[in-house]
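Given next are the chains, with one letter for each unit.
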Amino acid sequence: MTKNKLPKVIVVIGPTATNKTKLAIFLAQKLNGEIVNADAFQVYKELNIGVNKPTTKELKQAQFHLLSCVSIYDEWDIKRFQDEAKTTIDDIFARHKIPIIVGGSHLYVNALIQNYDLTRVPKRDQKYAHLTTPELYNMLLTRDSDRAQKIGPHNQQRLVRALQIFDYPPTTNKLPIYDPLFISCIRPRPSLYAHINQRVLVMLKKDWIDEIKLLWQKDKSLMNLQAFKAIGYREILQALVHARPVPTTLIQQKTRQFAKRQITWIKHHYVNPLVYNQRNKTQILNQVLKWSKDN
């Protein structure tokens, strides 16, 4: 099957705080589309404010999938996302609508669009069972220092998983199953960072702290959950546990650093995407319409 005969999907990418969701809603309304969430943390039912989920108003404006679909106590990883996203997209096509994949977890996006073969990555492997958490961390540092520092020296489960993926890297030797159109959302760097800083302040005013406090009152072991790797959740929880002020500046800094990594990823992985600059929605729509009619 040639690429031109593959089913077409729209993919909205970009760093955090670039209005990816707003653009996706606009396109969904204009193109009879439905949105498939590709954010690794918006899948959790219990996390809302700090992961910047679509607002109640936005949820009424388009059909969303893979959003608030699992508990923070459920297992969620790139393989489960890939499987469930494929099933969801098949259903959207069956109803003669257009899938619009949107999210900043770009490895998830790649796994889906490039059809990574993730079957080689074992779910359970005893190869590292004899190692302590510090030993796992030091081993990962020698293999992938960026990933090790991102995970940190205390999460044994994620360290083991990262080492397994290093041993059995996902491949793209499977045939592609979609013909994607990538749309990259951007802001000038100073504007992006200012927007991020302001958004953190708004989130804190919207009871983000209370959201975490209520979860902590029910479960004192939240720190160990994968879901609490979302930026800001662990920092706020530590402030609550130790009765310290919330480190607002640190959360802003980590979010800016995350945005910078997302920008770097996009530059290295996506060639000539359409560019949404916050002012050219109509132009983007016209380009998408042209693309959808080609071939």
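The structure this text deals with has already been given above.
Not measured: the values here are computed from a predicted model. (Residues numbered from 1 in each chain as written. Predicted model: local features only at pLDDT ≥ 70, side-chain atom pairs only at ≥ 80, totals over all residues. Heavy atoms only, no water.)

A. Layout of the nonpolar core. In this structure, Leu47, Ile101 and Ile113 are the most contacted members of the largest nonpolar core, which totals 48 residues. Those elements giving two or more residues to this core turn out to be strand S1 (8–13), helix H3 (78–94), helix H4 (106–113), helix H8 (189–205), helix H9 (208–218), helix H10 (233–241) and helix H11 (248–269). With residues up to four places along the chain from it excluded, the contact list for leucine 47 reads Phe41, Lys53, Ile72, Glu211, Leu215, Ala227, Phe228 and Tyr233. By size, the runner-up hydrophobic cluster in this structure holds 24 residues, among which are Ala62, Val102, Tyr276 and Ile284. (Core = buried A, V, L, I, M, F, W, Y, C linked by side-chain atoms within 4.5 Å. Buried < 20%, exposed > 50% of the residue type's maximum accessible area, 1.4 Å probe, protein only. Helix = DSSP H or I, 4+ residues; strand = E, 2+ residues; numbered from the N terminus. Contact = heavy atoms within 4.5 Å.)

B. Structural detail: the pairing of strand S2 (residues 33–37). When you tally the buried positions in S2, you get 5 out of 5 residues, the bulk of the element. Neither face of S2 is open: one carries Gly33, Ile35 and Asn37, the other Glu34 and Val36, and all of them are buried. In this sheet, strand S4 (residues 98–102) lies alongside S2 in parallel orientation, the contact comprising 5 bridges. Directly across from glutamate 34, in S4, lies its bridge partner proline 99. Pairing of S2 with strand S3 (residues 64–65), which is carried by 2 bridges, proceeds in the parallel orientation. The partner of valine 36 across the bridge, within S3, is histidine 65. (Pairing = 2+ DSSP bridges.)

C. View of the pattern of salt bridges. Tallied over the full model, the rule gives 11 salt bridges. Across the pair lysine 22 and glutamate 58 runs a salt bridge, and its minimum N-O distance is 3.2 Å. Taken as a pair, lysine 22 in helix H1 (residues 20–31) and glutamate 58 in helix H2 (residues 56–59) lie far apart in primary sequence, 36 residues in all. By relative accessible area, lysine 22 is classed as partly exposed at 48%. Accessibility expressed as a relative area gives 11% for glutamate 58, which makes it buried. (Salt bridge = Lys/Arg side-chain N within 4 Å of Asp/Glu carboxyl O.)

D. Inspection of the packing of H9 against H10 at higher detail. Closest axis-to-axis distance for the H9/H10 pair is 10 Å, and the angle between their directions is 70°. Relative to H10, the element H9 is oriented roughly perpendicular. Both H9 and H10 take part in a crossing whose hand is right-handed. Between H9 and H10, the residues in contact are Trp208, Ile209, Glu211, Ile212, Lys213 and Trp216 and Tyr233, Ile236, Leu237, Leu240 and Val241, respectively. (Axes fitted to C-alpha atoms, helices over the stretch in contact; angles between N-to-C directions. Parallel < 35°, antiparallel > 145°, perpendicular 65-115°, else oblique. Left-handed = near helix turned anticlockwise from the far one by under 90°.)

Note that all results are geometric; they support no functional claim without further evidence.
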